[in-house]
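# Observations on the model geometry
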Amino acid sequence: MDYKKLADLLFKDYDLTYENCLKTFPDRSLPKGAEVVRIAPSPTGYLHIGSVYGAFIDKLIAYHSGGIFYMRLEDTDSKREVENAGDIAYDMLSTFGLKPDEGYTGDGKAQKGSYGDYVQSRRKKYYIAFAKHLVSIGRAYPCFCKSLDGIDEIKKRRQEEIEKTCDIEEKDKCRNLTFEQIEENLKRGMSFAIRLKSMGDENKVFKFYDEIKGEREIRENTKDIVLLKSDFTPPYALAHVVDDTLMHTTIVVRGEEWYSSLASHLEIFKALGLNPPKYAHTPVVCKMDENGNKRKLSKRKDPEADARFFIEQGYPIDSVMEYLLNLINSDYEDWRKVNPDKSYYDFPFKVSKIGSNNPIFDFQKLNDFSKQVISRFTAEQIFSSVKDWAETYDKQFFDKIKDKKDFCVKLFSIDRVNVKNVRKDISRWGEVYSLYDYMFDNLNLKTLPDYEFDSGLDKNLTIKFLQEYKTLYSSSDEKDTWFDKIRNLCPKFNFASNMKDYKKSPDSFAGSIADASSIIRVAITTRKNSPDLYYIMNLLGQDEIISRIDKTIDLLSR
RNA sequence: GGUCCCGUGGUCAAGCGGUUAAGACAUCGCCCUUUCACGGCGGUAACAUGGGUUCGAAUCCCGUCGGGAUCACCA
């Protein structure tokens, strides 16, 4: 068959040639070793935390090699497209500190760089030119079959084929159509897709090097995959080959779910006589489900799959990034310990150090990273971060703190400023209120039905202790005086006034100075856990302290 | 079902033929201490399984089991 003639017949309205495409986008003149990487999200609603993970790897590669990190919007599936999703993705990337150097820049039309357009729906001519070239060299052909309609139909058919115990092969009927048959179909106005004419042998393998997985053997591709849908937009495979060729991507970082279609991508490159980029197939971030099984983070079931979740929860960006970086290169935390003040971009990251196990997202570990990140914040930084967060995610809390900067800074300085070891109690801004509510509410908590005073001690003893202590407390006392008053009160209630005595013979005491402190703490803060009590009481002021003690006595006396 | 990927403590993980099998989170205990916390010290806890190869296997090979991915005119 005269393939050249076939190509012209099929694409008579399209003049752009494959050769011209290549000429239009010459090599980037970059220093040796500089990598060109890309993040290519599809605009389907929100940015997956896995994309942040992948984009971070991209950014790290570009940063360490002095290369370029660009963003391309993969919007060829108009059915799934969600409005503004591209902008959302760009904004999210930016808030995570992963702003691309080149490409899509957010507000629809705007782009940066000379290898565009960076939106696939506007690159149709290139895909067609490549497909046409493939037809003209006999490596692609038109397919007139009707496509399956929707995911349900596909699943149904797959189930049928599985039951028949046979592999689903796209040995296409249209592969051997004659020129005349094709011409006839065209005359009848039939629409067609373009398929790759695969030349692979399913019994043959070839060697392949993956930057993460290392050296592998891959089975040759035998699938006549679709290169151009009947509306002449490309599915992922062709779009990937065309765009990453024309934009001169040097290393493709993508999730492991792509690994099984790799052979078909490589066959397209080969058919075109092109060198493929390097590939790094990353593990997929998973979670433990109810049955104790690992599974990919899913958009439907798992709120944490959405990158916005972490912002809503009030995790500092750095906390998320450091946690992710530790997943990427697990020796990160050791490095961080030795380099507490450096930027994580200084960490000697290596693609080859990425493990190939799918990690389970561990919130405890994230929280630990986050506590450490926040422990490096100043009191002012904590205040402004909490305020900014609350303004959009917790309006009520925002109203409580917005005009109380001095108060808050003092509060966040307790156990944080001028101390040897910084208190690490906050892991995200969203929990600040629940940790410190007693500082912002005028303690009507004790009148709430579900509030129960619990110092772990006898009620009457507690009441008597508080009655006595109330008469002694003065907010003008120095810390030593304040403490001595509590200590001096101890013998009267048979509390040990130091822990050593108490430990020697706990049975001979009703409690210890620790219990005495605990009574006061719970009365003031309603909980057994708070920063340095002296400063807390001081901040609250004489009247509030007396009032809270009164309320507690009242409550306990009922 | 076919193909591919992956199995080291509860979780993340070092390990690359000879290790007392690191470290971190979590957990437990002790110390410090006016509580909680922070910090320090220590403990519990792992090579999925069965066969090989080898003087020697977590490490190499094969089988089994378990988990995951993929098999669209979706990305």
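First, a word on what this report is: a plain description of the structure on this page. Quick caveat, the model's predicted, so the values are computed rather than measured.

## Here's the deal with the overall build of chain A
In terms of helices and strands, chain A carries 23 helices and 15 strands. The C-alpha atoms of chain A give 33 Å as radius of gyration, which overshoots the globular expectation for 558 residues (24 Å, by more than 25%). If one aligns the C-alpha atoms of chain A with their principal axes, the spans along those axes are about 110 × 55 × 45 Å. Counting all 558 residues of chain A, 49% fall into the buried class. For chain A, contacts bridging at least 24 residues in sequence account for 72% of all contacts bridging at least 6. For chain A, the computed accessible surface area is about 28000 Å², with 48% contributed by carbon and sulfur atoms. For chain A, the separation between the mean place of its 88 positive charges and that of its 90 negative charges on side chains is 1 Å.

## Concerning the pairing of strand β2 (residues 68–71)
For a regular strand, side-chain orientation follows a simple rule: the groups alternate between the two sheet faces. Side chains of β2 alternate between two faces, with Ile68 and Tyr70 and Phe69 and Met71 buried alike. Note: strand β1 (residues 36–39) against β2, four bridges, orientation parallel. By the bridge assignment for β2, Val37 is matched with Phe69. Of the crossover connections in this fold, the one passing from β1 over helix α3 (residues 49–65) to the parallel β2 is right-handed. Here two bridges tie β2 to strand β3 (residues 102–104), and the two strands are oriented parallel to one another. Pairing of Tyr70 across the sheet is with Glu102, part of β3. Between β2 and its parallel partner β3, the chain crosses via helix α4 (residues 85–95), and the hand of that crossover is right-handed.

## Details of the sheet that holds strand β9 (residues 226–228)
The three strands lie next to each other as β5-β6-β9, forming an open sheet whose pairing is antiparallel. Only two strands of the sheet have a single neighbouring strand rather than two, namely β5 (140–143) and β9. Direction aside, neighbouring strands of the sheet carry axes that sit 45° apart on average.

## Some points on the pairing of strand β8 (residues 214–219)
With six bridges connecting them, strand β7 (residues 205–210) and β8 associate as antiparallel partners. Bridging across to β8, Asp210 finds its partner in Gly214.

## Some thoughts on the packing of helix α1 (residues 3–10) against helix α7 (residues 179–187)
Contact geometry for α1 and α7: axes closest at 11 Å, N-to-C directions at 5°. Judged on the interaxial angle alone, α7 and α1 are roughly parallel. In contact with Lys5, Leu6, Leu9 and Leu10 of α1, α7 contributes Phe179, Ile182, Glu183 and Leu186. Considering only residue class, the contact of α1 with α7 consists of six nonpolar, no polar and two charged.

## Some words on the protein's contact with RNA strand B
Around RNA strand B sit 67 residues, and of these Cys145, Lys229, Asn357, Lys365 and Arg521 come closest. In this structure, a base oxygen belonging to RNA strand B sits 2.6 Å away from a main-chain N or O atom of Ser230. In the model, a sugar or linking oxygen of RNA strand B is placed 3.2 Å from a nitrogen or oxygen of the Ser260 side chain. Element by element, the count of residues in the surface near RNA strand B is highest for helix α6 (residues 150–163), at five residues. Classifying every residue of the surface near RNA strand B gives 21 nonpolar, 16 polar and 30 charged.

## Remarks on α4
Among all positions of α4, only Ala85, Gly86, Asp87, Ala89, Tyr90, Met92 and Leu93 are buried. Structurally, α4 contributes buried residues whose contacts are with β1, α3, β2, β3 and α10 (308–312). One or two steps after α4, the chain reaches Gly97, where phi turns positive at roughly 75°.

## Remarks on the nonpolar core
Membership of the largest hydrophobic core comes to 54 residues, with the highest contact counts inside it found for Phe130, Ile194, Leu227 and Ile268. The greatest single-element share of this core, amounting to eight residues, is contributed by helix α5 (residues 124–136). Apart from residues no more than four positions distant in its own chain, Phe130 is found in contact with Tyr18, Cys21, Leu22, Leu238, Val242, Leu246, Leu272 and Leu274. One finds Ile49, Leu93, Ala307 and Met321 within the second-largest nonpolar core, a separate group that totals 52 residues.

## A look at the side chain of Asp244
With respect to the secondary-structure elements, Asp244 resides in helix α8 (residues 236–246). Of note is the side chain of Asp244, whose polar atom sits 2.5 Å from the side chain of Arg38. Leave out the neighbours within four places in its chain, and Asp244 touches Arg38, Tyr70, Arg72, Ala239, Thr249 and Val252.

## So, the pattern of salt bridges
Under the counting rule described, the total for this entry stands at 32 salt bridges. Salt-bridge contacts for Asp425 lead to Arg416; the nearest nitrogen and oxygen are separated by 2.6 Å. Given a relative accessible area of 9%, Arg416 falls into the buried group. Here Glu468 and Lys492 are joined by a salt bridge, their closest N and O atoms 2.4 Å apart. Of the two residues, Glu468 sits in helix α18 (residues 459–472) while Lys492 sits in the loop between α19 (479–489) and β14 (495–496), which places them 24 residues apart along the sequence. Assessed through its relative accessible area of 27%, Glu468 is described here as partly exposed. Judged by its relative accessible area of 59%, Lys492 is exposed. One network of salt bridges, with partners in common, ties together Arg38, Arg72, Glu74, Arg123, Asp243 and Asp244.

Rules used in this analysis
- Residues numbered from 1 in each chain as written.
- Chains lettered and ligands numbered in written order.
- Predicted model: local features only at pLDDT ≥ 70, side-chain atom pairs only at ≥ 80, totals over all residues.
- Heavy atoms only, no water.
- Helix = DSSP H or I, 4+ residues; strand = E, 2+ residues; numbered from the N terminus.
- Rg over C-alpha atoms; globule rule 2.2 N^0.38 Å.
- Buried < 20%, exposed > 50% of the residue type's maximum accessible area, 1.4 Å probe, protein only.
- Contact = heavy atoms within 4.5 Å.
- Areas by Shrake-Rupley, 256 points an atom, 1.4 Å probe, with all protein chains shown as cover.
- Lys, Arg positive; Asp, Glu negative; His and termini not counted.
- Charge placed at Lys NZ, Arg CZ, Asp CG, Glu CD.
- Pairing = 2+ DSSP bridges.
- Right-handed = clockwise from strand over helix to strand, strands pointing away.
- Axes fitted to C-alpha atoms, helices over the stretch in contact; angles between N-to-C directions.
- Parallel < 35°, antiparallel > 145°, perpendicular 65-115°, else oblique.
- Nonpolar A, V, L, I, M, F, W, Y, C, P; charged D, E, K, R; others polar.
- Near = heavy atom within 4 Å.
- Polar contact = N/O pair within 3.5 Å; in protein donor to acceptor, adjacent residues only side chain to side chain.
- Core = buried A, V, L, I, M, F, W, Y, C linked by side-chain atoms within 4.5 Å.
- Salt bridge = Lys/Arg side-chain N within 4 Å of Asp/Glu carboxyl O.

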